Number of protein chains: 2
Amino acid sequence: MTVTIYDVAREAGVSMATVSRVVNNNPNVKPQTRKKVYEAIERLGYRPNAVARGLASKRTTTVGVVIPDISNAIIAEVARGIEDIANMYHYNIILCNADMRKEKEIRVINTLLEKQVDGLLFMGGLVTEDHIQAFRTSNVPVVLCATSDVEQSVPSVDIDHQLAAYDAVQALITRGHKKIALISGVLEDLTHYYQRYLGYRKALEEAGIPFREDYVRIGNGRYESGLEVMNYFMELEDRPTAILAANDEMAIGAIHTVLDHGLSVPDDISIIGIDNVRMASMVRPRLSTVAQPMYDIGAVSMRLLTKLMKKEHVEEERVILPHELIIRDSIAEA
Amino acid sequence: MTVTIYDVAREAGVSMATVSRVVNNNPNVKPQTRKKVYEAIERLGYRPNAVARGLASKRTTTVGVVIPDISNAIIAEVARGIEDIANMYHYNIILCNADMRKEKEIRVINTLLEKQVDGLLFMGGLVTEDHIQAFRTSNVPVVLCATSDVEQSVPSVDIDHQLAAYDAVQALITRGHKKIALISGVLEDLTHYYQRYLGYRKALEEAGIPFREDYVRIGNGRYESGLEVMNYFMELEDRPTAILAANDEMAIGAIHTVLDHGLSVPDDISIIGIDNVRMASMVRPRLSTVAQPMYDIGAVSMRLLTKLMKKEHVEEERVILPHELIIRDSIAEA
DNA sequence: CTGTTAGCGCCTTCAA
DNA sequence: TTGAAGGCGCTAACAG
């Protein structure tokens, strides 16, 4: 039924080894022989069995990419960066979605490891002790992509989330705002939302603006949540004049709550986000935000992983990429 | 270095066969023996090698999912449907993105086949002769998901795109609109955009509204494209009062062009889309659209694939799921 | 430049 | 209920 390397060898009148060499682009084959083999392959419609190959060579030339949340808007661009570099180095990549559930993340990591991937990229979620434990039990290199672990014991590529939030608040302060509220994500996410929270506080502090408990509310990162939290701020007696949302999706929700109240963004209230997802420029007013270099995060982390897989020397296992303030139409002078 | 089934056998004082049985949940093992084996596995930190298993059993219990475009907003929800059912039947799924490039789609299909997946799901893109050719050379079942082929020779799960567009235009006609324009996708996409185009024409025809060439323009499916095409319509002397956009993203672009011209949606111009991506309710005015049952499309196609993989009998290899008109704020009486 | 020969780690009869 | 043994399809020395 299935045609194997042995069939091709017989058809071409050579040995299995020679066919193997041809398939693997080993230069030690006479051009003429090579041609014969290719013809036989063509005639028989031979397709190499990657499973057998993986077993024999102990390398699968594939890297597993764990996506904690496939509906997250930033992953598409990051994935593109990963793939471009992976292709360049002739690695296949297989994506596995974990649906934002930690237990499933661990399961997926183990599945990938059982499949003998040559390396692992963990993309964008919260990294716990259990994750690290799962990584440790493997013999393959792991790179965290658009995230990092608190202990900083795993190679990673990310931005400085604290600084990103700091810069966003700065942009507000520069424009004369003093009543600046934060729509935060869950603070248990120590590497993303908590850092952004710290950046918010730090910017206020440096500007001599006192921190107010009632100016911070936690959302879940989704649009609806931005809608709700902003509603709370609208009801405040001493309403904020500017908002930092910990991500763009909540920022957009916040904008819409303001509009739905019949007020204007940015004339009445300024709103800034973080991430620069594609949607940020697909709303009115267009959202000002702090851009993550998503493609680069993907590309650099994949590049780092290839080095680790080849046991090449790497200067620095923890890479921080620069972010960029993008001013559009959703913020204005106080 | 790596611990194998043989090590576990020795540690537990049984044969490899017994360990294999335990790992594969074969009931023919004495509970006591099973326990011993589990303990040995635990002690040694044994992790089954899926590659070796795949080679020996000729089944990998994984299905490959080809995603033509990972940044497409509808795939996340479809993927969720696929995964839920896959988990239910104990299949792993591996996602492969093809970046909207046909040549890469074919390559990815072949890679997946080389990896010996037990089945293939092709999600949402245009299916050409070359695709079908690639499918044919494999021995595993293939299901098209959120798409179908013109010849209808491959099992598929999709909606009736023509009817969806028809219903959208109907919603406009019902509200008294007569000057209805279409922001289409490329008509070469026979299974999606061309069908939607036909639905548009059919609805007009049945209502006795003459078709106008200048009321149809082709976009590329993206937001920016909606922006541009709508700009063209705005300049028309006899401006349309209603727009059908062939997908939501272009519809949203169209809305913003109208707003940017200082006019109102829906008071001056009504706009309706197709798909019901999450973003449709994340804009102001919220977008009316025709919803695809994305989760179900994923779930049903995966279910169909499991049947095919088990060689079970299936009634109908081509499933059409119902769509639904969702009226929100972007359309009004003429 | 080419062929021979061991495995890679596991499943799966077939016997016992 | 368990063990022995023969592959699965391919790669990787090692010879020649």
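For the structure given in this document, a descriptive report is provided here. (Residues numbered from 1 in each chain as written. Chains lettered and ligands numbered in written order. Predicted model: local features only at pLDDT ≥ 70, side-chain atom pairs only at ≥ 80, totals over all residues. Heavy atoms only, no water.)

1. Structural notes on the protein's contact with DNA strand D
Logical step 1: Neighbouring residues of DNA strand D: 27 residues in total, closest A:Ile5, A:Tyr46, B:Thr18, B:Arg21 and B:Thr33.
Logical step 2: Among the atoms of DNA strand D close to the protein, meaning within 4 Å, 62% are from sugar or phosphate groups.
Logical step 3: Separating a phosphate oxygen of DNA strand D from a backbone N or O atom of A:Ile5 is a distance of 2.3 Å.
Logical step 4: Within the side chain of A:Ser20, a nitrogen or oxygen atom sits 2.7 Å from a phosphate oxygen of DNA strand D. (Near = heavy atom within 4 Å. Polar contact = N/O pair within 3.5 Å; in protein donor to acceptor, adjacent residues only side chain to side chain.)

2. A word on the protein's contact with DNA strand C
Logical step 1: Neighbouring residues of DNA strand C: 26 residues in total, closest A:Thr18, A:Arg21, A:Thr33, B:Ile5 and B:Tyr46.
Logical step 2: Close to the protein, within 4 Å, the atoms of DNA strand C are drawn from sugar and phosphate at a rate of 63%.
Logical step 3: B:Ser20 places a polar side-chain atom, nitrogen or oxygen, 2.7 Å from a phosphate oxygen of DNA strand C.
Logical step 4: Separating a phosphate oxygen of DNA strand C from a side-chain N or O atom of B:Arg53 is a distance of 3.2 Å.
Logical step 5: Going through the elements one at a time, helix 2 (16-23) and helix 4 (50-57) of chain A together with helix 2 (16-23) and helix 4 (50-57) of chain B are the ones with two or more residues in the surface near DNA strand C. (Helix = DSSP H or I, 4+ residues; strand = E, 2+ residues; numbered from the N terminus.)

3. With respect to the pairing of strand 5 (residues 156-159) of chain A
Residue and element names in this part refer to chain A.
Logical step 1: Here strand 5 shows a buried face lined by Ser156 and Asp158 and a second buried face lined by Val157 and Ile159.
Logical step 2: When strand 4 (residues 142-145) meets strand 5, the two strands line up parallel, connected through two bridges. Across the sheet, the residue bridging to Cys145 is Val157, located in strand 5.
Logical step 3: Examined bridge by bridge, strand 5 and strand 11 (residues 318-321) share four bridges and lie parallel to one another. The partner of Asp158 across the bridge, within strand 11, is Ile320. (Buried < 20%, exposed > 50% of the residue type's maximum accessible area, 1.4 Å probe, protein only. Pairing = 2+ DSSP bridges.)

4. A word on the pattern of salt bridges
Two side chains with opposite charge may pair up if their charged atoms get near one another.
Residues and elements named next belong to chain B.
Logical step 1: Going through the model one piece at a time under the given rule, you end up with 35 salt bridges over all chains.
Logical step 2: Asp214 is the partner of Arg212 in a salt bridge, and the nearest nitrogen-oxygen pair spans 3.0 Å.
Logical step 3: Put simply, Arg212 and Asp238 hold a salt bridge, and the shortest N to O gap is 2.8 Å. You can see Arg212 sitting in the loop between helix 9 (193-206) and strand 7 (216-218) and its partner Asp238 sitting in the loop between helix 10 (223-235) and strand 8 (242-245), a full 26 residues away along the chain.
Logical step 4: Arg212 gets classed as partly exposed once you look at its relative accessible area, which sits at 27%. (Salt bridge = Lys/Arg side-chain N within 4 Å of Asp/Glu carboxyl O.)

5. Concerning the relation of the copies chain A and chain B
Relating one copy of the chain to the other takes a rotation about an axis and a shift parallel to that axis.
Logical step 1: Mapping chain A onto chain B calls for a rotation angle of 180° and an axial translation of 0.0 Å; the resulting RMSD is 0.1 Å. The transformation just described matches what one would write down for a two-fold rotation axis. The position closest to the rotation axis in chain A is occupied by the C-alpha of A:Leu95, lying 2.4 Å away.
Logical step 2: Both copies present the same face, since 100% of the interface residues in chain A are matched by interface residues at the equivalent positions in chain B. (Least-squares fit on C-alpha atoms with pLDDT ≥ 70 in both. Contact = heavy atoms within 4.5 Å.)

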